[in-house]
Amino acid sequence: APVPEQLHVQYGADASRQAAVSWAAAEAVRRPRLRLGTSSDGLGEVLDAEERVYTEALTGQTVYTYHVPIGRLQPDTPYTYEVFHRGASPVKGGFRTGPSGRSKPFRFTSFGDQSVPAAVGQGLGPSSPNAGFIVPALDATDPLFHLMNGDLCYANLSDDPVATWSSFFNTNMPSAAFRPWMPAAGNHENEVGNGPDGYMSYQTRFTL
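Not measured: the values here are computed from a predicted model.

Let's shift gears to helix α1 (residues 130–140). Within α1, burial applies to A131, V135 and L138. Down the axis, α1 shows its buried residues gathered within 75 degrees of arc, on one side only. Residues F133, P136 and A140 are exposed on α1 and point more than 90 degrees away from its buried face. A positive phi of about 50 degrees marks D142, the residue just after α1.

Counting residues in each nonpolar core, the largest one holds 22 residues, and the members touching the most others are L7, V21, L34, I70, Y81 and F95. Counting residues per element, the ones that place at least two in this core are β1 (5–11), β2 (19–25), β3 (33–38), β6 (62–70), β7 (78–84) and β8 (91–96). With four residues, β2 is the single largest residue contributor to this core. Setting aside chain neighbours within four positions, we find L7 in contact with V21, S22, W23, Y81, V83, V91, K92, M173, A176 and A177. Of all hydrophobic cores here, the second largest spans 15 residues; its members include M148, L152, A155 and F206.

Quick look at the pattern of salt bridges now. A side chain with one charge may pair with a side chain of the opposite charge, provided their charged atoms come close. According to the stated counting rule, one finds eight salt bridges in the structure shown. A salt bridge links E50 to R52; the shortest N-O distance between them is 3.2 Å. On the basis of relative accessibility, which here comes to 38%, the residue E50 falls in the partly exposed class. Between D142 and R179 there is a salt bridge, with the nearest N and O atoms lying 3.7 Å from each other. Here the residue D142 occupies a position in the loop between α1 and β10 (145–148), and R179 occupies one in the loop between α2 (161–176) and β11 (181–183), the gap between them amounting to 37 residues. A network of salt bridges, in which partner residues are shared, links R35, E82 and K92.

Pairing between the strands of a sheet comes from backbone hydrogen bonds, and it takes one of two forms, parallel or antiparallel. As summarised here, the arrangement of the three strands in space is β9-β10-β11, forming an open sheet in which the pairing is parallel. Edge positions in the sheet fall to β9 (108–111) and β11, since each of these pairs with one other strand and no more. Averaged over all adjacent pairs, the angle separating strand axes in this sheet is 20 degrees, with direction ignored. Two strands pair when backbone bridges link them, and β10 and β11 are joined in this way by three bridges, in the parallel orientation. Paired with H146 across the strands is W181, a residue of β11. Docked against the sheet, α1 engages β9, β10 and β11, running at close to 155 degrees with respect to β9.

Considered as a void within the structure, the largest pocket measures approximately 250 Å³ in volume. R96, D142, P143, L144 and R179 are, among the 13 residues lining the largest pocket, the residues nearest its centre.

Take the pairing of β10 next. By the bridge criterion, four bridges tie β9 to β10 in an arrangement that is parallel. Looking at the pairing, T109 lines up with H146 of β10. Note on the crossover from β9 through α1 to β10: the handedness is right-handed. Handedness of the crossover joining β10 and β11 through α2: right-handed.

Procedures and definitions
- Residues numbered from 1 in each chain as written.
- Predicted model: local features only at pLDDT ≥ 70, side-chain atom pairs only at ≥ 80, totals over all residues.
- Heavy atoms only, no water.
- Buried < 20%, exposed > 50% of the residue type's maximum accessible area, 1.4 Å probe, protein only.
- Helix = DSSP H or I, 4+ residues; strand = E, 2+ residues; numbered from the N terminus.
- Arc of directions from axis to C-beta.
- Core = buried A, V, L, I, M, F, W, Y, C linked by side-chain atoms within 4.5 Å.
- Contact = heavy atoms within 4.5 Å.
- Salt bridge = Lys/Arg side-chain N within 4 Å of Asp/Glu carboxyl O.
- Pairing = 2+ DSSP bridges.
- Axes fitted to C-alpha atoms, helices over the stretch in contact; angles between N-to-C directions.
- 1 Å grid on protein atoms, 1.4 Å probe; cavity = no way out; pocket = protein on both sides within 12 Å on 5 of 7 lines; lining within 4 Å.
- Points joined across faces, edges and corners; volume = space filled by probe spheres on them.
- Right-handed = clockwise from strand over helix to strand, strands pointing away.

Have a look at this one:
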């Protein structure tokens, strides 16, 4: 089976008690699940994943994503997890929930227009090595979470949107699998033919 890839975390409506873990696979998989725990209790809880699928309008490729919303978490607590499905080795990640109310200060990072680190397809969309360099620079500040202020990867300008999204998520995965990267949709997330409003690709990949 294909390995889980493009792993990333988001907070829910209550960042102190809710999160979601999302990932993708190169094809449909069987029994996609997540094991969750803390350093004290281990990976004891197993949760089933929801599959979301869409067909890219430009290329006809089918995209398979998997999502696990998580509730009833404890505030300001580090969690570890691993995602897995039948026939593939698990992939690990982690996150910390937000503090309750204004009980504790925290740091976050924020920027938009990241793009991807190398040209994809015919290179029609923008790319820059800086799109990759910023990931370890972000992690060096140890933020609780990161805000992505729209125009994430410019897949709507690419001749291969699926590969552009893959490059974006796999570039960010060393950080986004271990702290929430919270997205906002920009005009470059609007892709012609992908859903009635053009945001099906974005909506398939994130759980908020």
